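Chain residues, written in single-letter form:
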Amino acid sequence: MNAEGRSRLDQMPEWTALGAHRAQLGEPQLRDLFAQEPERAGRYTLRVGDLHIDYSKHLITEETLLLLRELAAATGVTGLRDAMFRGEKINVTEGRSVLHTALRAPGSAVIEADGQNVVPAVHAVLTKMATFADRVRSGDWTGHTGRCIKAVVNIGIGGSDLGPAMAYEALRAYTHRDLEFRFVSNVDGADLHEALRDLDPAETLFVIASKTFTTIETITNATAARAWLLDGLGAEGGTSRSSGAESGGEAVAKHFVALSTNAEKVAAFGIDTVNMFEFWDWVGGRYSYDSAIGLSLMIAIGPEHFREMLAGFHLVDEHFRTAPAEENAPLLLGLLGIWYGNFFDAQSHAVLPYSHYLSKFTAYLQQLDMESNGKSVDREGRPVRWQTGPVVWGTPGTNGQHAYYQLLHQGTKMIPADLIGFARPVDDLEPRLVAQHDLLMANLFAQGQALAFGKTPDEVRAEGVAEELVPHRTFRGNHPTTTILATELSPSVLGQLIALYEHKVFVQGAVWNIDSFDQWGVELGKVLARRVEPALTDGAEVPGLDASTAALVTKYRELRGR
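Residues numbered from 1 in each chain as written. Predicted model: local features only at pLDDT ≥ 70, side-chain atom pairs only at ≥ 80, totals over all residues. Heavy atoms only, no water.

In the annotation of an unreviewed UniProt entry, the entry for the chain reads Glucose-6-phosphate isomerase, and the organism field reads Streptomyces benahoarensis. Looking at the Sequence similarities (unreviewed entry) heading of the UniProt record, one finds this comment for the chain: "Belongs to the GPI family." The UniProt entry for the chain carries the following text under Function (unreviewed entry): "Catalyzes the reversible isomerization of glucose-6-phosphate to fructose-6-phosphate." (UniProt positions renumbered as here; feature names shortened; annotations may be inferred.)

Here's what the structure looks like:
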């Protein structure tokens, strides 16, 4: 059923049936569910590529899963999925196709947008990226003074930063260790300052990531980086800003490349458009790091590993596209999110990777999920009457255990969580550090058990705890978790994980009947900021400021001595 022909979600009989089922369950206990289903631990698992997914510790029965799948069928999830893969314009408010899956399709695939097969263009850009990455990695690409590049600075924001920065940290074990990589996104000058303060301009390459080449934070930082480069080269007896636009342009062309579609703006900045790497308007920013936006990552890990990562993405794409509903992992995870958000009133979702290399993974998922499904109107522009996207949060274990796990275990909130771990540490870890990996994973498994089953008052008493302390040392358990295990964190596995979450987010947006692929909420604050800035710098009058904001602008100017 297409969106235009849908009833309101909360009027559908499948939705009502789930509500009745939730009421009938009352307060289900995981201890009881496991006692009633001795085979539960084996039954509620899925294997997708290298990912082993255990969802047995959820407050669900077979009837729950059946009713959730019936809701997915009634809301047309598979139809919208197939339309996405066909290149139809399912981003309704912007009239665009949604084809991030084409970025990782094999060269033989045919995927059309506006009647054109986009796959050849995708692979042409990948080939161009690989050629450039190999030149930088080998030392063949040199800066303006003839010295090899030793540092790569990616300047972007949002998806142009979060994706490559996350993936670089995740795959550090696969990176070119003789090259330094830094990522700048914040318009706060401190971000750029700290990234550049110990670098040599003659050995630094800047990758400027902006589709339109007009993103104010990115272009502001890029302009400051250009000035830093030219000043530094001038101090070395190279090119300076005062030596003329032509020679300055030559220096910029050797130290800056662009990830953009706006050749005119790129050229005006001084970047040789030969070194502009294209992507397309059917690639949303938060889905883009496997496109040209991943150039910094490709330089870091090399083209071969980058293609392995793309193959991991594609593996899960194909699984999502073809697997039956009862075996479809993204569908299942998306529906579990619906179950807790809409029928248990869960407000947030924790993602807890037990890997230091996934330190930025949850921050990446925050944009993927919250920018996609943080919507309050449906695809027809009608206000929704049901909860949509959750707040996504978390940090790597075991750090979080000594911070917010207290709330997870003994707080009052329903917070479903994902626990992610790997059987083997990275290959280049020192032998004495490899031994710590078992302790790390022991914590993952222990936390999953503790969250699910807790500790009853009688169990606490049996340990000889004083009666007045029993309530304080009781853990009610019943906190649902999904555990995702893989052998190791490889480029392919990272691609599989990201695609799994991409499609989970898609499923939830489809059920809620919202457009998961626009982000108009990002724009209002940016527009207002451009209006407010002149008031801060020269005291200009800004019409339309509320009294509180106007007073804050006045106080700011006072504190700046203006």
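(A) Representation of the overall build of the chain. Looking only at helices and strands, the chain features 22 helices and 13 strands. Over its C-alpha trace the chain gives a radius of gyration of 26 Å, about what one expects of a compact globule, namely 24 Å for 562 residues. If you line up the chain on its principal axes, its C-alpha atoms span 80 × 60 × 60 Å. Taking all 562 residues of the chain together, 52% fall into the buried category. Nonlocal contacts in the chain, meaning residues at least 24 apart in sequence, comprise 74% of its contacts between residues at least 6 apart. On the chain, roughly 24,000 Å² of surface is accessible, and the fraction owed to carbon and sulfur atoms is 52%. (Helix = DSSP H or I, 4+ residues; strand = E, 2+ residues; numbered from the N terminus. Rg over C-alpha atoms; globule rule 2.2 N^0.38 Å. Buried < 20%, exposed > 50% of the residue type's maximum accessible area, 1.4 Å probe, protein only. Contact = heavy atoms within 4.5 Å. Areas by Shrake-Rupley, 256 points an atom, 1.4 Å probe, with all protein chains shown as cover.)

(B) Layout of helix α22 (residues 547–559). Its 13 residues give α22 an end-to-end C-alpha distance of 18 Å, which sits within 8% of 18 Å, the value for a rise of 1.5 Å per residue. If you check the start of α22, you find a side-chain oxygen 2.9 Å away from the backbone N of Ser548, and it comes from Asp546. Following α22 by one or two positions, Gly561 adopts a phi angle in the positive range, close to 75°. (Expected span 1.5 Å × (residues − 1). Polar contact = N/O pair within 3.5 Å; in protein donor to acceptor, adjacent residues only side chain to side chain.)

(C) Structural view of helix α5 (residues 77–86). If you check which residues of α5 are buried, you get Val77, Leu80, Arg81, Ala83, Met84 and Phe85. In the core, the buried residues of α5 are packed alongside α4 (62–74), α13 (303–322), α14 (329–343) and α20 (491–512). Phi turns positive one or two residues past the end of α5, at Gly87, with a value near 90°.

(D) Molecular detail of the UniProt feature "active site" (unreviewed entry) in the chain. When the UniProt feature table is mapped onto this chain numbering, "active site" (unreviewed entry) sits at Glu371, His402 and Lys526. With a sequence span of 156 residues, these residues are also far apart in the fold, their greatest C-alpha distance being 36.6 Å. The annotated residues that sit in the lining of the largest pocket are Glu371 and Lys526. Within the element layout of this structure, His402 appears in the loop between β11 (391–393) and α16 (405–410). With respect to the element layout, Lys526 can be found in helix α21 (residues 523–538). By relative accessible area, which is 25% here, Lys526 ends up partly exposed. (1 Å grid on protein atoms, 1.4 Å probe; cavity = no way out; pocket = protein on both sides within 12 Å on 5 of 7 lines; lining within 4 Å.)

(E) Examining the environment of Gly334 more closely. Relative to the helices and strands, Gly334 is located in helix α14. The class for Gly334 is buried, based on a relative accessible area of 0%. As a C-alpha pair, Gly334 and Gly394 span 60 residues in sequence and 18 Å in three-dimensional space. With near-sequence residues (within four places) excluded, Gly334 lies in contact with Lys504, Val507 and Gln508.

(F) The arrangement of the layout of surface pockets in detail. Empty space within the largest pocket amounts to approximately 970 Å³. Looking at the largest pocket, it is lined by 38 residues, and the ones nearest its centre are Thr215, Gly285, Gln519, Glu523 and Lys526. The set of elements that each furnish at least two residues to the lining of the largest pocket consists of α7 (159–170), α9 (216–235), α15 (361–373) and α21. The residue inventory of the lining of the largest pocket, partitioned by class, reads 12 nonpolar, 16 polar and 10 charged. In terms of lining residues, the second largest pocket is bounded by 19 residues, among which Ser355, His356, Leu429, His437 and Leu440 are the most central. Of the residues forming the lining of the second largest pocket, the biggest block, four residues, is contributed by helix α18 (residues 436–453). Per-class residue counts for the lining of the second largest pocket are 11 nonpolar, seven polar and one charged. (Points joined across faces, edges and corners; volume = space filled by probe spheres on them. Nonpolar A, V, L, I, M, F, W, Y, C, P; charged D, E, K, R; others polar.)

(G) Looking closely at the sheet that holds strand β5 (residues 151–155). Strand order in the open sheet made by the five strands is β6-β5-β7-β8-β9, with parallel pairing throughout. Every other strand in the sheet has two partners, leaving β6 (180–184) and β9 (276–277) as the edge strands with one partner each. The sheet contact formed by strand β8 (residues 256–259) and β9 spans two bridges and is parallel. Following the sheet pairing, Leu259 is matched in β9 by Phe277. (Pairing = 2+ DSSP bridges.)

(H) Representation of empty space enclosed by the protein within the structure. Taken as a whole, this structure holds five cavities of 30 Å³ or more when the rule is applied. Here the largest cavity defines a volume of roughly 130 Å³. Looking at the largest cavity, it is lined by 14 residues, and the ones nearest its centre are Gly337, Gly341, His349, Pro390 and Gln508. Elements that contribute at least two residues to the lining of the largest cavity include exactly α14, β10 (348–353) and α20. Of the residues that constitute the lining of the largest cavity, the class distribution is five nonpolar, seven polar and two charged. Volume-wise, the second largest cavity comes out at about 70 Å³.

(I) Spatial organisation of the packing of helix α6 (residues 119–138) against α13. At their nearest, the axes of α6 and α13 sit 10 Å apart, and the two run at 145° to each other. Between α6 and α13, the residues in contact are His123, Leu126, Thr127, Met129, Ala130, Ala133 and Asp134 and Pro303, Phe306, Arg307 and Leu310, respectively. Within the contact of α6 with α13, the residues separate by chemical class into seven nonpolar, two polar and two charged. (Axes fitted to C-alpha atoms, helices over the stretch in contact; angles between N-to-C directions.)

(J) Here's a closer look at the packing of aromatic side chains. Summed over all chains, the structure comprises 23 aromatic pairs. An angle of 40° between the planes, with centres 5.3 Å apart, marks the rings of Tyr168 and Phe181 as tilted. Note that Tyr168 is positioned in helix α7 and Phe181 in strand β6, a separation of 13 residues in sequence. The rings of Trp15, Trp339, Tyr340, Phe343 and Phe344 are connected pair by pair, giving a single aromatic cluster. (Phe/Tyr/Trp six-rings, centres within 6.5 Å; stacked < 30°, edge-to-face > 60°.)

(K) Structural view of the pattern of salt bridges. With the rule as written, the count across this model stands at 33 salt bridges. A salt bridge links Arg147 to Glu203; the nearest nitrogen and oxygen atoms lie 2.9 Å apart. A residue pair is termed long-range when its members are at least 10 positions apart, and Arg147 in the loop between α6 and β5 and Glu203 in the loop between α8 (189–196) and β7 (204–209) qualify at 56 residues. Lys555 is the salt-bridge partner of Glu558, the closest N and O atoms lying 3.1 Å from each other. Residue Glu558 and its partner Lys555 are located together in helix α22, separated by three residues, close to a single helical turn. (Salt bridge = Lys/Arg side-chain N within 4 Å of Asp/Glu carboxyl O.)

(L) Up close: the domain arrangement of the chain. Taken domain by domain, the chain consists of domain 1 (9–75 + 323–425 + 436–517), domain 2 (104–301) and domain 3 (521–560). The C-alpha centroid of domain 3 is placed 32 Å from the C-alpha centroid of domain 2. (Domains from an automatic or database assignment.)

(M) Just the pairing of β6, in detail. Across the five residues that make up β6, a large majority, four, are buried. Bridge count for β5 against β6 is five bridges, and the pairing is parallel. Looking at β6, one finds that Val152 is bridged to Phe181. Once you follow β5 into α7 and on to β6, the crossover reads as right-handed. (Right-handed = clockwise from strand over helix to strand, strands pointing away.)

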